[in-house]
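Residue strings, one per chain:
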Amino acid sequence: MSLNCAEIDKILEELDLEGSYIQKVVQSSYSVMVLHLYKTRPMSLVICLEPGACRLHETTRKIPKFDKPLRFMELLRSRLRGAKITEAVQLNNDRIVRFSLETSSDTLYLYIRLWSGAANMLLVDNGSIVDAFYRRPSRHEVSGEPWQPLPGESEAAATQTFGNEPSAAAGSESKAVAESASAAVSSASNAKNTSAVVSSPAADKPVKTYTIRSYDTSKTFNEAIDEWYARQAPVLSLEALRAEAEHFYGLKIEKISRALEKLEAKKHSFLQADTLKHQGDLLLANLYRIPQGAASVELEDYAADNRIIRIALDPRKTAQENAAGYYERYKKAVSGLEALTDDIEASKRTLAALNEELAKLRIEENPYIIEKVLHKRKIPVQRKQAAQEKERPGLTFYHDGWILYVGRTAAENDELLRHHVRGKDMWLHVRDYSGGYVFIKNKNGKTVPLPVLIAAGNLAVFYSKARRNGQADLYYTAVKDLRRAKNAPKGTVLPSNEKNLSVKLDPAVLKQLEQSRGEALS
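Residues numbered from 1 in each chain as written. Predicted model: local features only at pLDDT ≥ 70, side-chain atom pairs only at ≥ 80, totals over all residues. Heavy atoms only, no water.

## Points about the overall build of the protein
Within the protein, the regular secondary structure consists of 11 helices and 21 strands. Every one of the 522 residues in the protein was classed for burial, and the buried ones make up 41%. A separation threshold of at least 6 residues defines the contact pool for the protein, and within that pool the share at least 24 residues apart is 57%. A total accessible area of about 28,800 Å² is found for the protein, and carbon and sulfur atoms account for 51% of it. (Helix = DSSP H or I, 4+ residues; strand = E, 2+ residues; numbered from the N terminus. Buried < 20%, exposed > 50% of the residue type's maximum accessible area, 1.4 Å probe, protein only. Contact = heavy atoms within 4.5 Å. Areas by Shrake-Rupley, 256 points an atom, 1.4 Å probe, with all protein chains shown as cover.)

Here's what the structure looks like:
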């Protein structure tokens, strides 16, 4: 459970943070910040914003480092390293702690709200929010928003966005409430923080008193709290994270399972491709018996002892066109069956990987590992791709350690040419067909191997109008040998010193390229 206001006052009294210097800032997880302080001795101050375990206390345990720098931690490092804590106080017994910080150039304030359902930390400078641990625009907790004083910071309980909601009391009632709150704070202080009284603005509501939980008095309360959370917090966190993992992975597994069922049904229909071809043959063999504009026709099936079968027709087409339509559907079914089988196998592999990951998370005892896995999984593929190289258009593939860019439209081709390739990179494009540009990124001192060139050629044919033919001639040259065509459509170039290459689409190569792209984004 989270600390109450009396426990927070007790911890602040024991720590006596005034006069401490911030030496280092470490974020050990997505909800825990640690300030390494020094006054008369080194001290590690844990600030945890985890729901159900919000707290602030000293720890003597080793603090793990996170695997990558995070935004708010980097801000505190840049602004607070070397700062002196001149005041550390809880405001109005409201579980909001304010650190007044003196740096070489100015005075900053760090507000820590230890509310289980809405915990946060904000850094304030000169009446303006510098940044927040959790950015919440609906509560005005974002960079640049003006800071409103909290109760306990000024005599008047002004309207605020970080603490309580504005009071409905006005006039003499407001004054009475303020006096009551002030008396409560004074009473709690005189009781040496063994309890805290929180008054209610409504006269008919009883006064609520908070007390410090029982602990081994042979230790300080900080030591007792550190030991209690070391035992209990991981258990609480583990239960919540495992429940979140079950929900998240369950949704993904269900979604992929439904998609897999649809693919299997489509595959079953594709396996009937021979029926489509046979119906086309029957139509061609009986053209003279098919009236114009008919919606269907009954014919004798010579392959089934002349049994009568009904074949659906498009009344807007001639008999020859209907037969051609059946042949076209047959061709698509045959060509699509192999790709569909690959999609089914890929979906099964993904499903197996998700189930395996979930099984590992179910037995994982370290909450930080579960949290990291969930965070990585929740990042959309589009953001992963953008993280690899910000705002690069088109598609990126990998083959034998070489990077291949593909522009699918004139705009993507032009953008890649202008900003993402260099003179020694290689350019490929099909002859006599419109299509995308393919670029092979150069490696200093190395020539492009033939397998990589053929893989890039497969991409050039696949992302062009020549795709239906399954093969095409193309040419390739260095980017430095391309010249922009004047008064031509966007992205049009004129190559020189080009070489020729004839490529036939290889499904195995295309599959390998697609897998490499998927692995790079996972």
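## Quick notes on the packing of aromatic side chains
This structure, assessed with the given rule, holds nine aromatic pairs. Taking the centre distance of 5.8 Å and the plane angle of 70 degrees together, the rings of Phe-72 and Phe-133 count as edge-to-face. Here the residue Phe-72 occupies a position in helix H2 (residues 71-80), and Phe-133 occupies one in the loop between strand S9 (128-132) and helix H3 (172-190), the gap between them amounting to 61 residues. Comparing Phe-72 with Phe-133, the two get one shared label, buried. With a centroid separation of 4.2 Å and an interplanar angle of 35 degrees, the aromatic rings of Tyr-111 and Trp-147 are classed as tilted. Of this pair, Tyr-111 sits in strand S7 (residues 107-113) while Trp-147 sits in the loop between S9 and H3; the two residues are 36 residues apart in sequence, bridging distant segments of the chain. (Phe/Tyr/Trp six-rings, centres within 6.5 Å; stacked < 30°, edge-to-face > 60°.)

## Structural notes on the environment of Lys-331
Of note, Lys-331 is situated in helix H6 (residues 319-363). Considering only alpha carbons, one finds Lys-331 and Leu-276, 55 residues apart in sequence, at a separation of 9.2 Å.

## A few points about the nonpolar core
Ranked by size, the top nonpolar core spans 42 residues in total, and within it Leu-17, Leu-56, Leu-76, Phe-99, Leu-101, Ile-112 and Met-121 carry the most contacts. With 27 residues, the next largest nonpolar core counts Leu-404, Leu-453, Leu-459 and Val-509 among its residues. (Core = buried A, V, L, I, M, F, W, Y, C linked by side-chain atoms within 4.5 Å.)

## A closer look at the pairing of strand S16 (residues 426-430)
Taken across its five residues, S16 has five buried, putting it largely inside the fold. Neither face of S16 is exposed, since Met-426, Leu-428 and Val-430 on one face and Trp-427 and His-429 on the opposite face are all buried. Of the pairings in the sheet, the one linking S16 to strand S17 (residues 437-440) comprises three bridges and is antiparallel in character. Across the sheet, the residue bridging to Met-426 is Ile-440, located in S17. (Pairing = 2+ DSSP bridges.)

## So, the sheet that holds strand S14 (residues 395-399)
Ordered in space as S14-S15-S17-S16-S18-S21, the six strands form an open sheet in which the pairing is antiparallel. Every interior strand has two partners, whereas the edge strands, S14 and strand S21 (499-504), have only one. The average undirected angle you get between the axes of adjacent strands in this sheet is 25 degrees. Here five bridges tie S14 to strand S15 (residues 402-407), and the two strands are oriented antiparallel to one another. (Axes fitted to C-alpha atoms, helices over the stretch in contact; angles between N-to-C directions.)

## Observations regarding the side chain of Thr-103
Here Thr-103 lies in the loop between strand S6 (96-102) and S7. Assessed through its relative accessible area of 19%, Thr-103 is described here as buried. A polar contact is formed between the side chain of Thr-103 and the side chain of Asp-106, at a distance of 2.6 Å. Beyond its immediate chain neighbours, meaning those up to four positions away, Thr-103 contacts Arg-79, Ala-83 and Leu-108. (Polar contact = N/O pair within 3.5 Å; in protein donor to acceptor, adjacent residues only side chain to side chain.)

## Description of the pattern of salt bridges
In the structure shown here, the tally under the stated rule is 25 salt bridges. A network of salt bridges, in which partner residues are shared, links Arg-113, Arg-136, Arg-139 and Glu-141. (Salt bridge = Lys/Arg side-chain N within 4 Å of Asp/Glu carboxyl O.)

## A few points about the state of the cysteines
With the rule as written, the count across this model stands at zero disulfides. You can see Cys-48 has no disulfide; the closest cysteine sulfur is in Cys-54, sitting 6.5 Å from it. (Disulfide = S-S within 2.5 Å.)

## Section: helix H5 (residues 273-285)
Note that an α-helix has 3.6 residues per turn; residues three or four places apart therefore point the same way. In this model, H5 (13 residues) spans 19 Å end to end at C-alpha, consistent with the 18 Å of a helix rising 1.5 Å per residue. Residues of H5 that are buried include every one of Ala-273, Leu-276, Gln-279, Gly-280, Leu-282 and Leu-283, and no others. (Expected span 1.5 Å × (residues − 1).)

## Remarks on a positive patch on the surface
A cluster of like positive charges, contributed by Lys-331, Lys-332, Lys-465 and Arg-468, occupies part of the molecular surface. Here Arg-468 shows up in the loop between helix H10 (450-462) and strand S18 (471-478). On the accessibility criterion, Arg-468 (73% relative accessible area) is exposed. (Patch = residues over 30% accessible without salt bridge, like charges linked within 9 Å, V, L, I, M, F, W, Y side chains within 5 Å. Lys, Arg positive; Asp, Glu negative; His and termini not counted. Charge placed at Lys NZ, Arg CZ, Asp CG, Glu CD.)

## Describing unusual backbone geometry
Within the chain, Asp-400 stands out as a residue other than glycine whose phi angle is a positive 55 degrees. Mapped onto the secondary structure, Asp-400 falls in the loop between S14 and S15. On the accessibility criterion, Asp-400 (53% relative accessible area) is exposed. If you check the backbone angles, Asn-487 has positive phi at about 55 degrees while not being a glycine. With respect to the element layout, Asn-487 can be found in the loop between strand S19 (482-484) and strand S20 (493-495).

## Looking at the pairing of S6
Moving residue by residue along a regular strand, the side chains alternate between the two faces of the sheet. With six of seven residues buried, S6 is to be regarded as a mostly interior element. Where strand S5 (residues 84-90) lies against S6, six bridges are found, and the strand directions are antiparallel. Bridging from a neighbouring strand, Val-89 pairs with Arg-98 of S6. Pairing of S6 with S7, which is carried by seven bridges, proceeds in the antiparallel orientation.

## Observations concerning the side chain of Ser-100
Take Ser-100: it is sitting in strand S6. By relative accessible area, Ser-100 is classed as buried at 5%. Ser-100 has contacts with Lys-84, Ile-85, Thr-86, Glu-87, Leu-108 and Tyr-109, leaving out every residue within four places of it along the chain.

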